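Topology and contacts: notes
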Amino acid sequence: MLEKSFDFAAKESDIGDKWIENDLFAADPASAKPPFCIMIPPPNVTGSLHMGHALNNAVQDCLCRFKRMRGFDVLWQPGTDHAGIATQMVVERILAKDGVSRHDLGRDKFVEKIWEWKEKSGGQIIHQLHKLGASCDWARERFTMDEGLSAAVRKVFVQLYREGLIYKDKRLVNWDSKLQTAISDLEVEQRETIGTMWYMAYPVEGSADESICVATTRPETMFGDTAVAVSADDERYKHLIGKNVILPIANRPIPVIADEHADPAKGTGAVKITPAHDFNDFEVGKRHNLPLINILDREARLNDAVPEKYRGMGCLDARPLVLADIKALGLYVKEENNPMTIPYGDRSGVVIEPWLTDQWFVNAKELAKDAIAAVRDGRTRFVPKNWENTYYEWMNNIQPWCISRQLWWGHQVPVWYGPDGAQFCAETEAEAQAAADKHYGKTALLTRDTDVLDTWFSSGLWAFSTLGWPEQTAHLKRYYPTSVLVTAFDIIFFWVARMMMMSLHFMKEVPFREICIHGLVRDEKGQKMSKSKGNGIDPLDISAKYGMDALRFALLIQAGHGRDVLMSDERVEGYRNFVTKIWNAAKFCEMNGCVFAQAPAAATLPVNAWILTKLDQAAQSIAKDLDGYAFNEAAHTAYHFVWGTFCDWYLEATKPIFRGTDAAAIQETKIVMGYVLENMLKLLHPFMPFVTEEIWAETAARPNMLMAEAWPDAAAFADDKTAAQTDWLFDLVAAIRSTKAEVRIPAPTKIDLVIKEIPSGKKDALARNEDIFKTLARVESIRFSKDAVPGSVTQVFGDTTFVIPLNGLIDIAAERKRLTQEIENLKSFITRTEAHLSNDSFVSKAPAAVVADKKKSLADARDAAAKMEKVLGQLTG
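A brief report on the enclosed structure follows. Counting starts from 1 at the beginning of each chain's written sequence and moves along it residue by residue. Only residues with pLDDT of 70 or above have their local features reported here, since the model is predicted, and side-chain atom pairs are shown and tallied only from 80 upward, although totals for entire chains, interfaces and linings are computed over all residues. Each side-chain value is worked out from all heavy atoms of the structure, with water and hydrogens disregarded.

As a further point, take the environment of Pro847. As for its position among the elements, Pro847 is in the loop between helix H28 (840-845) and helix H29 (848-876). The criterion used for residue contact is that any of the two residues' heavy atoms lie within 4.5 Å. Look past the residues within four positions of Pro847 in its chain and what remains in contact with it is Lys525 and Gly526. Starting at the N terminus, helices and strands are each numbered in turn, a helix being any DSSP run of H or I of at least four residues and a strand any DSSP run of E of at least two.

For helices, the fitted line uses only the C-alpha atoms of the stretch in contact; every axis is such a line through C-alpha atoms, and the angle between N-to-C directions lies from 0 to 180 degrees. Running from N to C, helix H19 (residues 569-591) and helix H21 (residues 631-659) point in directions that differ by 35 degrees, and their axes come no closer than 11 Å. Relative to H21, H19 is oriented so that their crossing is left-handed. Contacts between H19 and H21 involve Tyr575, Asn577, Phe578, Lys581, Ile582, Ala585, Phe588 and Cys589 from the former and Ala638, Tyr639, Val642, Trp643, Phe646, Cys647, Asp648, Leu651, Thr654 and Lys655 from the latter. Following the grouping adopted for this structure description, the nonpolar residues are Ala, Val, Leu, Ile, Met, Phe, Trp, Tyr, Cys and Pro, the charged ones are Asp, Glu, Lys and Arg, and the polar ones are all others, Gly among them. Classifying every residue of the contact of H19 with H21 by side-chain character gives 13 nonpolar, two polar and three charged. By definition, turning the near helix anticlockwise from the far helix through less than a right angle yields a left-handed crossing, and turning it clockwise yields a right-handed one.

Moving on, we get to the side chain of Glu709. Examined against the element boundaries, Glu709 turns out to sit in the loop between helix H23 (689-699) and helix H24 (720-742). For Glu709, a relative accessible area of 16% corresponds to the buried category. Of the polar contacts made by the side chain of Glu709, one reaches the side chain of Asn704; its length is 3.4 Å. Those residues in contact with Glu709 that sit more than four places away from it in its chain are Met69, Lys682, Trp696 and Asn704. Here's how the labels work: a residue is buried when its accessible area is under 20% of the maximum for its type, exposed when over 50%, partly exposed in between, all with a 1.4 Å probe on protein chains only. Polar contact criterion, stated in full: a pair of N or O atoms within 3.5 Å, where within protein one must be able to donate a hydrogen and the other to accept it, and residues adjacent in sequence count only if both atoms are side-chain atoms.

What follows deals with the side chain of Asp549. Within the fold, Asp549 resides in helix H18 (residues 548-556). Residues scored as positive are Lys and Arg, those scored as negative are Asp and Glu, and His as well as the terminal groups of each chain are ignored. Here, a salt bridge means any Lys or Arg side-chain nitrogen found within 4 Å of an Asp or Glu carboxyl oxygen. One buried charged side chain, Asp549, makes no salt bridge at all; its nearest oppositely charged neighbour is Arg552, positioned 5.1 Å away. Look past the residues within four positions of Asp549 in its chain and what remains in contact with it is Phe6, Glu12, Val579, Met688, Pro689, Phe690 and Val691.

Attention now goes to the sheet that holds strand E6 (residues 181-183). Pairing between strands is defined by DSSP: at least two bridges between them are needed. If you walk across this open sheet you meet the four strands as E6-E5-E14-E16, and the pairing is antiparallel. Every interior strand has two partners, whereas the edge strands, E6 and strand E16 (401-402), have only one. Looking at chain direction, strand E5 (residues 166-176) and strand E14 (residues 353-362) are connected through ten bridges and run antiparallel. Counted as the bridge partner of Trp175 is Glu353 from E14.

With five of six residues buried, strand E29 (residues 800-805) is to be regarded as a mostly interior element. Two elements, strand E26 (residues 751-757) and E29, share three bridges in a ladder whose sense is antiparallel. Bridge pairing in E29 places Ile755 opposite Phe802. Both strand E28 (residues 792-797) and E29 contribute to a ladder of six bridges, which runs antiparallel. Considered in E29, the bridge of Phe797 is made with Thr800.

To qualify as a nonpolar core, a set must consist of buried Ala, Val, Leu, Ile, Met, Phe, Trp, Tyr and Cys residues joined through side-chain atoms within 4.5 Å. Core analysis: the largest hydrophobic core is formed by 218 residues, its most contacted members being Phe457, Met567, Phe646 and Phe687. When residues in this core are grouped by element, the largest group, 14 residues, is from H21. In this structure, Phe687 is in contact with Cys62, Arg552, Phe553, Leu556, Ile622, Leu626, Phe631, Ala634, Ala635 and Ala638, ignoring residues within four places of it in sequence. In terms of nonpolar packing, the next biggest core, distinct from the first, is built from 33 residues, Leu240, Val245, Ile326 and Phe361 among them.

This part covers the sheet that holds strand E10 (residues 244-247). The strand order across the open sheet built from four strands is E10-E11-E9-E12, with neighbouring strands paired in mixed fashion. The sheet terminates laterally at E10 and strand E12 (271-273), the two strands that pair on one side only. Direction aside, the axes of adjacent strands within the sheet are offset by 35 degrees on average. Summarising the sheet, strand E9 (residues 227-230) and E12 pair through three bridges and their orientation is antiparallel. Pairing of Ala227 across the sheet is with Ile273, part of E12.

The next subject is the pattern of salt bridges. Under the counting rule described, the total for this entry stands at 51 salt bridges. The shortest N-O distance in the salt bridge between Glu189 and Arg191 comes to 3.4 Å. By relative accessible area, which is 32% here, Arg191 ends up partly exposed. Taken together, the shared-partner salt bridges connect Arg218, Glu220, Arg319 and Glu353 into one network.

Quick look at the structure:
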């Protein structure tokens, strides 16, 4: 027996425990069922569940629960990422409270401290995913630093090194001077600001009065300039190509070169080239074999490559001195405000410098070839397809991948150096030592490379390393390649592309057949959630208020193909009301003695045939949409079936049956109602697993938990003809209700209905369902007549025309006045909204969801205005 309401705070944890106790999340490699496999994007071990995690995992869980119910052997592979920089910073902060630094401990002891922290505090996000209802195979949880995955990392590195695809080189990287390490582009935060563009003259060598004007936002980097680039087609500078200009202050000649990087239409058309401190300039330098002058040290201070007076200064300290000296030389031209973005470390908060340093790189361009081909020939498919273009753009322009980090926490580079610097790459130190001893002909003293690998290197192996590779395990043979990857678009390049490259190289097969891309979670206004804006929503806080089912449904019902999800407290609260609606519907069924665990033999009553047909239609529609990753469409169908079809129409329509005396009709309805409720719970379960599981458990003694049940199949009961007639009947009721509302007749007020036109078949259907029709439409009497009815409103509903007499029900004069004012208000709203939508600037800048909402509001307003004008015309006439 169901309680008064669903106490989600008390029940969710217990339900989750029962799923695990019954081993319902586990995959079975020996199963005869077809396999279905998803790899969880491994969250950082330092992480806490945020709304992006909630969306991503709600989508995956919905899909996994659905596939299990459809008869698949599902492996949802869980795990966490060791998160090099983030984890190291967490432990360093803990140590700092006791006045201890990692250098005080030394590398080995510090790494031990991290492992201690990981074992004690590193599982928070896994616990939070349990609360979300994530049905991962938790017994198979992996960690990117566990022994199996570490062995896979070493094997991959060594093989790529021996194939010449991993190498050490001096190139520009994103350098974090506070953390003292290279970082990935994903760890760089671009901040918009208004900076300054300074213009200065570089004198032409050998000329007393000719110079080239260049512009820069960082004048202190001029000491690293090794050329000035101009366009070969720029008539202003053609005669200077091949000549030199004199670098001010340093008094060093540098060449004027012709390069496509210089755009005659931008700035002065001449660009100072600093190859060691700008990524674009680095490419120009390679094309022209320019010297690379590194002017910064590890702390981002000016080094010995600059004039003595500036050495040891930070960039911002040196800048005013450089400008003052330029002005003193008479080479200052002008300055102006310049909108720009400055890169900052997302964890350190310092400006990120392009810095020339020795790092380990992967030849990503070579690995990308197969990864591009796999998408082009359809072995892996993006959903929605348009994200293929983003993938191709990134992959076709891919640069060498910097995989080394100057950290202590992570997979240490498996390379050892001999006394003369010779490299020995091996999976173990013993193998490296043996190779070195053979090379030198004696025992050699080796020193291991101190760098660790980028975390994207190990997570790039996730699709096959978690299944046991390099061992040929049963899981690897059965579940690879995986079925689908579910992820947000912002890591297509950082993670998806790397998995494609690594998997194809080592497994000779794509890592996943499909890639389902979802959008980002934003606030109700379409703005990105951030701490600084104060518009973030904590998924655990909001689920504590309204329940996890409400949160999940609020996310899933917006999870369309690539569309961003707008979130607010009010949205989640609204779907808490949906949970309550489901619970109350189940209570209604209970109170009316509905029969469970019994399929109906037949449905003789039209309303019962109708609901069974609607159940079949909903089950097929939801299944089709979930198979196509249209989670929003599937959720909308489920919502409307439950709230509208089942609750608002069917349950209301059964009330006169239960009040009647036809025992056979009552019994049939009890059986149909119980059958539909049970199957409705199955339809809802992938979206709202907790409340559905609780209703399932409390309404009858059943052998299986709901999660283990099969997807509904009510095709045998479908009766399309009867369902179509009942649809018409309910649509007529809706039209009568709408007409009453338009002229402000209170909903409970009963009316006398006059029907002027109606086909004979529909007249018969009305007669067969007269009690239900009168109850739902609040109709006192029905009269068929073509005579005019004074003081009435007439509506044409398809091939049926009905009249509602108004005398005695409303003040007709007052209603005319109200409608006139309402129409004026709507026309004003329509004009304002049309102006918004015709503004190209608004449409291009506003989030797609906001524009779509405005378009819908406009359409609704136009429709409402047209209906009111029609009614007003009848009242006036």
